[in-house]
Amino acid sequence: AQTVTQSQPEMSVQEAETVTLSCTYDTSESDYYLFWYKQPPSRQMILVIRQEAYKQQNATENRFSVNFQKAAKSFSLKISDSQLGDAAMYFCAYRSARGGSQGNLIFGKGTKLSVKP
Amino acid sequence: DVKVTQSSRYLVKRTGEKVFLECVQDMDHENMFWYRQDPGLGLRLIYFSYDVKMKEKGDIPEGYSVSREKKERFSLILESASTNQTSMYLCASSPIGTGSNQPQHFGDGTRLSIL
C-alpha cells in the first residue's frame, strides 16, 4: 500500500522569506499524481499545486513550486516571498493513476506553517 | 467555481444519537467522499461513492454509513454516536476518473462534538 510522509509537523517562516515543506511517499507504481493542498484556519481546503509523475518538469504556480524527485520519491513544496495569508496546514497527497478505489487520494499527516510578520 | 456545501459548520450531539451530516455539490461530479480529520492523523477516508446509490468503504468505515440517493448529495450517518467520533468531518467531490490529475474539491468541514 502507498504511504505519504510529511516529516515536519510544524514549520515557521519570516514574511517575505522562502520556506520548503517536505513530503516523501512510498509506491511501487510508475504512474501517479501528487498534490499539495492548503487548509487555512477554519477555512476550506484548496488545491495549491499538482504534479504528474510522467512529467520531468517541476510544476509551478506563482509563488509556489515543487521539487519532484521521482527516483527518491520526494515531492517538496517551496513557497517564495511568504505572505501572512500562507499560514495554514499543508497536506501532501498521492493518487495512483489506476481507477477505482486505487485511485483515491492518500494524504500525509500535514505540516502546520506559521508566518511571522 | 465548484461549490461543496456541508450543512453545518459546528454540531453538538449526545452519545447514542443518530447523526446525519449532509453534503451537496453543484458541479455534477460523479465522485463524492467523506473524510475524518484529526490532529496528527491527517485525513482518513471513511466512505466514498462513484455514482448514485453506489458506495464503497474507505479506511475507517466502522460506526458510519452513507447514503447517496441523488447525484449532488452525499450523506454521512453515525448510527449511534460515540465520544470517539468527535472530530472534523470533510466532504469532497471530484469529476469522473479517479486515477486522474483532477483534484478533489472540499467543503468547509463540520466540527462534530459528541458529549
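Just above sits the structure.
Quick caveat: nothing in here was measured; it's all calculated off a predicted structure.

A. The arrangement of the overall build of chain B in detail. If you tally the helices and strands in chain B, you get 0 helices and 11 strands. For chain B, the succession of helices and strands along the chain, N to C, is β-β-β-β-β-β-β-β-β-β-β. Oriented by its inertia axes, the alpha-carbon framework of chain B measures out at about 40 × 30 × 25 Å. Here chain B, with 115 residues, has 50% of them falling under the buried criterion. Put simply, of all contacts in chain B between residues at least 6 apart along the chain, 56% involve residues at least 24 apart. As displayed, chain B offers around 5400 Å² of accessible surface, 50% of which is attributable to carbon and sulfur atoms. Side chains of chain B give 15 positive and 15 negative charges; the mean places of these two sets differ by 6 Å.

B. Here's a closer look at the pairing of strand β11 (residues 110–114) of chain B. All names here are of chain B. Residues of β11 alternate between two faces, with Thr110, Leu112 and Ile114 buried on one and Arg111 and Ser113 left unburied on the opposite face. Pairing geometry for strand β2 (residues 10–13) and β11, over 4 bridges, is parallel. For Leu11, the partnering residue across the bridge sits in β11 and is Leu112. In terms of strand pairing, strand β9 (residues 87–94) meets β11 through 3 bridges, oriented antiparallel.

C. Fine view of the pattern of salt bridges. Residues and elements named next belong to chain B. Applying the stated rule across the entire model yields 11 salt bridges over all chains. Close ionic contact of Glu69 with Lys53 constitutes a salt bridge, the shortest N to O distance being 2.4 Å. Separated by 16 residues along the polypeptide, Glu69 in strand β7 (residues 64–70) and Lys53 in the loop between β5 (42–49) and β6 (56–57) bring together distant segments of the chain. When sorted by exposure, Glu69 lands in the same class as Lys53, which is exposed.

D. Region of interest: the interface of chain A and chain B. On the side of chain B, 24 residues touch chain A, which itself brings 24 residues to the contact. Counting each side, the surface lost to burial between chain A and chain B is near 1900 Å², with a carbon and sulfur contribution of 47%. Summed over the three residues of chain A that lose the most area to chain B, namely A:Gln44, A:Arg95 and A:Asn104, the buried surface amounts to 26% of that side. On inspection of chain A and its partner chain B, the count reaches 0 salt bridges. Looking at the side of chain A that touches chain B, the elements with two or more residues in it are β5 (32–39), β6 (46–52), β10 (88–96) and β11 (105–107) of chain A. When residues of the side of chain A that touches chain B are assigned to their parent elements, the largest contribution, 4 residues, is made by β5(A). For the side of chain A that touches chain B, a count of residues per class yields 9 nonpolar, 10 polar and 5 charged.

E. Molecular detail of the nonpolar core. A:Tyr25, A:Trp36, A:Phe75, A:Leu77, A:Tyr90 and A:Leu113 are the most contacted members of the largest nonpolar core, which totals 25 residues. Breaking this core down by element, the ones donating at least two residues are β3 (19–21), β5, β6, β8 (64–69), β9 (74–79), β10 and β12 (111–116) of chain A. Top contributing element to this core by residue count: β10(A), with 4 residues. Formed by 20 residues, the second largest nonpolar core is a distinct cluster that contains B:Val4, B:Ile46, B:Leu78 and B:Tyr89.

F. Representation of the sheet that holds β7(B) in the model. All names here are of chain B. Taking strand neighbours across the sheet as the criterion, the 4 strands line up as β1-β3-β8-β7 in an open arrangement whose pairing is antiparallel. Two strands bound the open sheet, and with one partner strand each, they are β1 (4–6) and β7. Within the sheet, the average angular offset between the axes of one strand and its neighbour, ignoring direction, is 20 degrees. Sheet analysis places β1 next to strand β3 (residues 19–25), joined by 3 bridges and oriented antiparallel.

Rules of the game
Residue positions within a chain follow its written sequence, with the count starting from 1. Here every chain gets a letter starting at A, and every ligand a number starting at 1, in the order they are written. Under the rules for a predicted model, residues below a pLDDT of 70 receive no local features and side-chain atom pairs below 80 are neither given nor counted, while totals for whole chains, interfaces and linings still include all residues. Side-chain descriptors were evaluated using all non-hydrogen atoms of the structure, hydrogens and water having been removed beforehand. Helix and strand definitions here come from DSSP, where helices need a minimum of 4 consecutive H or I residues and strands a minimum of 2 consecutive E residues; each element is numbered from the N-terminal end. Only protein chains enter the accessibility calculation, which uses a 1.4 Å probe; a residue whose area is less than 20% of its type maximum is buried, one above 50% is exposed, and one in between is partly exposed. Contact definition: two residues touch when any of their heavy atoms are within 4.5 Å. Only the protein chains shown count as cover for residues, and the accessible areas themselves come from Shrake-Rupley with a 1.4 Å probe. The positive count covers Lys and Arg only, the negative count covers Asp and Glu only, and His and the chain ends enter neither. Taken as the charge location is NZ of Lys, CZ of Arg, CG of Asp or CD of Glu. Here, any two strands with at least 2 DSSP bridges between them count as paired. Definition used for salt bridges: Asp or Glu carboxyl oxygen within 4 Å of a side-chain nitrogen of Lys or Arg. Simply put, the buried area is the total loss of 1.4 Å probe accessible area from both parts when two parts are fitted together. Here the term charged refers only to Asp, Glu, Lys and Arg, the term nonpolar to Ala, Val, Leu, Ile, Met, Phe, Trp, Tyr, Cys and Pro, and the term polar to all other amino acids, Gly among them. Here, nonpolar core means buried Ala, Val, Leu, Ile, Met, Phe, Trp, Tyr and Cys residues that are tied together by side-chain atoms lying within 4.5 Å of each other. Each axis is a line fitted through C-alpha atoms, taken for helices only over the stretch in contact, and angles between the N-to-C directions span 0 to 180 degrees.

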